[in-house]
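Below, each chain spelled out in residue letters.
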Amino acid sequence: MSRSHSGVLAPIGGLFLFAVATGYLMSLLPLSLPTLGMSGTMAAWLASALYGGLLLGALGVEPLIRWMGHRRALLLSLLVLSLTVAVMAALHRPELWLAMRLLAGMATAGVFVVVESWLLLVEDERQRAARLGIYMAALYGGNALGQLMINVLGFEGAWPMLAVMALMLLAALPPLLAGGSAPMPLTEEQSGSSCSPLCVKVPALLGCLISGLVLGPLYGLMPVYLHQQVMVSELTGVMMALLILGGMAVQPLGSWLSARFSKTLLLSLFSLAGAMAVVVLILASSPLEFGLGMLLLGAAAFVLYPIAISQACEGATSGQIVRITQLMLLSYSLGSVSGPLLAQGGQRLNMGLIQYLGVIFLATALYMLAAALRRTSAVVEPPAGME
């Protein structure tokens, strides 16, 4: 096997198993709260604690990578995640769970930035796009498989938590065995290659922010929402799997379109598709129609981040990739922290989770469309004196 292929398989293998574990855990935690004597409102706080940790982790992961290298930083992140699951399985205290989810979020930031920068540290733009597509497919495919584990192992008793912990530990094996495939440590010159928010296109930053505002509630609150819907209450795991499979299936199309069309326009079109998915879910009268709405919702929600990060990395040098992925994760985390609380707060305005998603998608579609049209008019308009 070539170094190039092993350099992809090591982080992707670890990421896939990590995604299976986190996909299962995201549905497991909110559903298990009543059985453990905790309030159902803890679901939003647990989701926000995770993404708060993601935000804190995004601020500090770059120095960790410079100090330890990609492989060791990934191993440390996975081991910390395993530890948080073990503590939560042993002690069922709300304040301790919040602390563990905060720590898990910091470790998750390490996983994301390490794997993304590991895969994107190549100079060829096409190779970056191909690797990003593989990354997204592994992440969403693993998440979908994890959601289905709800129907296999359930959400009661000790076995579900033990299964998550075992998967986290297994995820450490591919990078552990890939000693020679990790990227070379960044040089001082590369480490000094800075990239502030000013050097990244505004639609790219906003795309990651909106992705967080959408995916935070989808991961943290959607399982509870589905469980409360009489029509699909027995199909929670299946519906969550359809949501993520929709995101996985659209990745090749998203990569193909982003190489040929304006990424800002694509962010608008996929956001409009998300608003249409919300309409389908509201009007659905059967599990089949609801499932189709979940597929479309996943396709719209999960494609925003890869399009945005691809837009941010246009023309970037390898020395800037770690900083850009860190910055994009920071923007995503800000949205992810706010999203679950905003969605839950919307109930005071008689706006449920689905209506909240519709508002976010529609507002994003209109803004990105206006931004794309402004950019088009700026390109087409001739310079002064040339009419």
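Definitions and limits used
- Residues numbered from 1 in each chain as written.
- Predicted model: local features only at pLDDT ≥ 70, side-chain atom pairs only at ≥ 80, totals over all residues.
- Heavy atoms only, no water.
- Helix = DSSP H or I, 4+ residues; strand = E, 2+ residues; numbered from the N terminus.
- Buried < 20%, exposed > 50% of the residue type's maximum accessible area, 1.4 Å probe, protein only.
- Contact = heavy atoms within 4.5 Å.
- Lys, Arg positive; Asp, Glu negative; His and termini not counted.
- Salt bridge = Lys/Arg side-chain N within 4 Å of Asp/Glu carboxyl O.
- Core = buried A, V, L, I, M, F, W, Y, C linked by side-chain atoms within 4.5 Å.
- Phe/Tyr/Trp six-rings, centres within 6.5 Å; stacked < 30°, edge-to-face > 60°.
- pLDDT = per-residue confidence, 0-100.
- Patch = residues over 30% accessible without salt bridge, like charges linked within 9 Å, V, L, I, M, F, W, Y side chains within 5 Å.
- Areas by Shrake-Rupley, 256 points an atom, 1.4 Å probe, with all protein chains shown as cover.
- Polar contact = N/O pair within 3.5 Å; in protein donor to acceptor, adjacent residues only side chain to side chain.
- Bend = angle between axes of the 7 residues up to and from the residue.

### With respect to the overall build of the chain
Then comes step 1: In terms of regular secondary structure, the chain is built from 17 helices and zero strands.
Then comes step 2: Evaluated residue by residue, the chain yields a buried proportion of 55% over its 387 residues.
Then comes step 3: Contacts spanning at least 24 positions in sequence make up 85% of the contacts within the chain whose residues lie at least 6 apart.

### Topic: the side chain of R101
Then comes step 1: Among the secondary structure elements, R101 is positioned in helix α4 (residues 94-120).
Then comes step 2: Within the buried set, R101 has no salt-bridge partner at all; the shortest N-O distance to an opposite charge, 15 Å, is to E95.
Then comes step 3: Those residues in contact with R101, other than ones at most four positions away along the chain, are L25, M26, L29, L46, A49, L50 and M88.

### Some remarks on the nonpolar core
Then comes step 1: Residues Y135, M222, L297 and L357 are the most contacted members of the largest nonpolar core, which totals 122 residues.
Then comes step 2: The leading source of residues in this core is helix α1 (residues 3-32), at 14 residues.
Then comes step 3: Discounting residues that sit within four places of it in the chain, M222 has contacts with P217, M240, M294, L297, L353, I354 and L357.

### A word on the packing of aromatic side chains
Then comes step 1: Evaluation of the coordinates by the stated rule reveals two aromatic pairs.
Then comes step 2: Look at F18 and F112: their rings are 5.9 Å apart centre to centre, the planes differ by 85 degrees, and that puts the pair in the edge-to-face class. Taken together, the positions of F18 in helix α1 and F112 in helix α4 put the pair 94 residues apart, joining distant regions of the chain. When sorted by exposure, F18 lands in the same class as F112, which is buried.
Then comes step 3: Seen in terms of ring centroids, Y305 and Y332 are 5.5 Å apart; in terms of plane orientation they differ by 70 degrees. Their pairing is edge-to-face. Placement of Y305 in helix α15 (residues 304-312) and of Y332 in helix α16 (residues 318-345) is noted, with a sequence separation of 27 residues between them. Summarising the burial analysis for this pair, Y305 and Y332 share the class buried.

### Concerning the confidence of the model for the chain
Then comes step 1: On average, residues of the chain carry a pLDDT of 81, and 85% of them reach 70 or more.
Then comes step 2: Between residues 1-6, whose pLDDT stays under 50, and residues either more than four places distant or in other chains, the model counts nine contacts.
Then comes step 3: The low-confidence segment residues 188-193, where pLDDT is below 50, has ten contacts with residues more than four positions distant or belonging to other chains.

### Some remarks on a nonpolar patch on the surface
Then comes step 1: Together, F16, L145, L148, L235 and V238 make up a nonpolar patch on the protein surface, roughly 350 Å² of accessible area in all.
Then comes step 2: Tracing the sequence through the fold places L145 in helix α5 (residues 125-153).
Then comes step 3: A relative accessible area of 42% places L145 in the partly exposed class.

### Here we look at the pattern of salt bridges
Then comes step 1: Enumeration according to the criterion identifies one salt bridge in this entry.
Then comes step 2: Where E95 meets R93, a salt bridge forms, and the shortest distance between an N and an O atom there is 2.7 Å.

### Some remarks on α15
Then comes step 1: Of all the nine residues making up α15, eight are buried; the element is thus mostly covered by neighbouring parts of the structure.
Then comes step 2: Restricting attention to buried positions, one finds in α15 the residues L304, Y305, P306, I307, A308, I309, Q311 and A312.

### Looking at the environment of W159
Then comes step 1: For W159, the location among the structural elements is in helix α6 (residues 159-171).
Then comes step 2: The exposure class assigned to W159 is exposed, which follows from its relative accessible area of 67%.

### Side note on the side chain of T364
Then comes step 1: Relative to the helices and strands, T364 resides in helix α17 (residues 353-380).
Then comes step 2: On the basis of relative accessible area, T364 is assigned to the buried category, the value being 6%.
Then comes step 3: Polar side-chain contacts of T364 include one of 2.8 Å to the backbone oxygen of I360.
Then comes step 4: When sequence neighbours within four positions are dropped, the list of residues in contact with T364 reads I210 and S271.

### Quick word on helix α2 (residues 42-68)
Then comes step 1: Most pronounced at G60, the bend in α2 amounts to some 45 degrees, and the proline P63 follows within four residues.
Then comes step 2: The positive-phi residue at the C-terminal boundary of α2 is G69, with phi of around 85 degrees.

### Some points on the environment of S211
Then comes step 1: Inspection of the secondary structure assignment puts S211 in helix α9 (residues 202-220).
Then comes step 2: For S211, a relative accessible area of 0% gives the class buried.
Then comes step 3: Along the primary structure S211 and A301 are separated by 90 residues, whereas in three dimensions their C-alpha atoms are 6.7 Å apart.
Then comes step 4: In this structure S211 touches G216, A301, L304, Y305 and Y332, once residues within four positions along its chain are discounted.

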